[in-house]
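Below, each chain spelled out in residue letters.
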Amino acid sequence: MSEPEGSEGTTRRMPVIEKDTGPGDGPGRPDQSASAAYDAPPALDGDAGGSGRFWSARRVPAGIVALLLLAGTGLLLYDVAAVRVDRPAMGWRRELARQLAQRHLDDFWVLVGAGVAAALGLWLVVLAVTPGLRDLLPMRRPHADVRAGLHRDAAALVLRDRAMEVAGVQSARVRMRRSRADVRAVSHFRALDDVRADLDDALAEAVRGLGMARPPALSVQVRRPGRKKG
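Residues numbered from 1 in each chain as written. Predicted model: local features only at pLDDT ≥ 70, side-chain atom pairs only at ≥ 80, totals over all residues. Heavy atoms only, no water.

> Before we go on, may I ask you to explain the confidence of the model for the protein chain in this structure?
A low pLDDT means the predicted coordinates there should not be read in detail. Per-residue confidence for the protein chain averages 75 on the pLDDT scale, and 77% of its residues sit at or above 70. With pLDDT under 50 throughout, residues 1-31 is counted as low confidence; its partners more than four residues away or in other chains account for 26 contacts. (pLDDT = per-residue confidence, 0-100. Contact = heavy atoms within 4.5 Å.)

Okay, here's the thing in structure tokens:
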């Protein structure tokens, strides 16, 4: 229940309304009410500070590169050792030496090989300096020796379920990003502004309950269901 306007000690956020007023404001263009993204709620008192993003172990890329390097160096060392005992070098190494001696630096295949090597090196550098695990959102750390994370899909599901509890909401879709949660709801009764205001309050409380280190801003839009054709 909302308090009457003009009561002392209370403030009320004025709704931001976006409505279609053009010629398409007919049966095919449902009315919409949207709230602008606002600042995330502050962290609860007693927190031991936020937590940075989780770093991926990069097991798959590291394992692939290690296996390739191991196979290449092992084959090269075997061929060098065979040459040292007066055995002929492998055909691939003789052909490679001949191609490197004959081809110029501006040759197409030389440029292709250099580009592939540069791309592979850049990919490895990016993997080394970025944390990864973009779908895992860090949570607050009430204890310095404990770290926890929340998956984006799980956070979006919690916000969706909370939105569905608001009176007048027929369906809701939530897209969770690292710094913002986009909520798109369909209301089949009640005034759109009232539904949007209740969604703002309910979702803000739900975001606080998630306990994330960096609570996302909320962007809420409410519209009427489209009219069925035919």
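> In this structure, what is going on with the pairing of strand 6 (residues 217-223)? I would like to understand it.
If a strand is regular, its side chains alternate between the two faces of the sheet. Strand 6 sits mainly inside the fold: 5 of its 7 residues count as buried. Note that strand 5 (residues 180-187) and strand 6 share 7 bridges and pair parallel. Along strand 6, the bridge assignment pairs Ala181 with Leu218. Read from strand 5 through helix 5 (residues 192-210) to strand 6, the crossover connection turns out right-handed. (Buried < 20%, exposed > 50% of the residue type's maximum accessible area, 1.4 Å probe, protein only. Helix = DSSP H or I, 4+ residues; strand = E, 2+ residues; numbered from the N terminus. Pairing = 2+ DSSP bridges. Right-handed = clockwise from strand over helix to strand, strands pointing away.)

> Help me understand the packing of helix 4 (residues 152-164) against helix 5 in this model?
Two quantities define a packed helix pair, namely the angle between the axes and the distance from one axis to the other. Interhelical geometry of helix 4 versus helix 5 gives an angle of 145 degrees and a closest axis separation of 9 Å. When you trace helix 4 past helix 5, the crossing you get is right-handed. Along the contact surface, helix 4 presents Ala155, Val158, Leu159, Arg162 and Ala163, while helix 5 presents Leu199, Ala202, Leu203, Glu205, Ala206, Val207 and Leu210. A per-class count over the contact of helix 4 with helix 5 returns 10 nonpolar, no polar and 2 charged. (Axes fitted to C-alpha atoms, helices over the stretch in contact; angles between N-to-C directions. Left-handed = near helix turned anticlockwise from the far one by under 90°. Nonpolar A, V, L, I, M, F, W, Y, C, P; charged D, E, K, R; others polar.)

> I would appreciate a short explanation of the packing of aromatic side chains in the present structure.
Aromatic ring pairs are described here by two measures, namely the spacing of the ring centres and the angle between the planes. Tallying each qualifying case throughout the model produces 1 aromatic pair. Where Phe108 meets Trp109, the ring centres are 5.1 Å apart and the plane angle is 75 degrees; that geometry is what we call edge-to-face. This pair shows no difference in class: Phe108 is exposed, exactly as Trp109 is. (Phe/Tyr/Trp six-rings, centres within 6.5 Å; stacked < 30°, edge-to-face > 60°.)

> Even after reading the chapter, I still don't get the nonpolar core, so can you show me in this structure?
What tends to happen in soluble globular proteins is that the nonpolar side chains get buried as a cluster. Counting residues in hydrophobic clusters, the biggest one holds 28 residues, and the most contacted among them are Leu159, Val169, Met176, Leu199, Leu203 and Val222. Of all the secondary structure elements, the ones that give two or more residues to this core are helix 4, strand 4 (169-176), strand 5, helix 5 and strand 6. With 9 residues, the top contributor of residues to this core is helix 5. (Core = buried A, V, L, I, M, F, W, Y, C linked by side-chain atoms within 4.5 Å.)

> Got a minute to help me understand the pairing of strand 5 in this structure?
Judged by how many residues are buried, strand 5 sits mostly within the fold: 6 of 8 residues are covered. As paired strands, strand 4 and strand 5 are joined by 7 bridges and run antiparallel to one another. Among the inter-strand pairings, Ala172 is bridged to a residue of strand 5, identified as Ala185. Hairpin connection, strand 4 to strand 5: the antiparallel pair is bridged by 3 residues.

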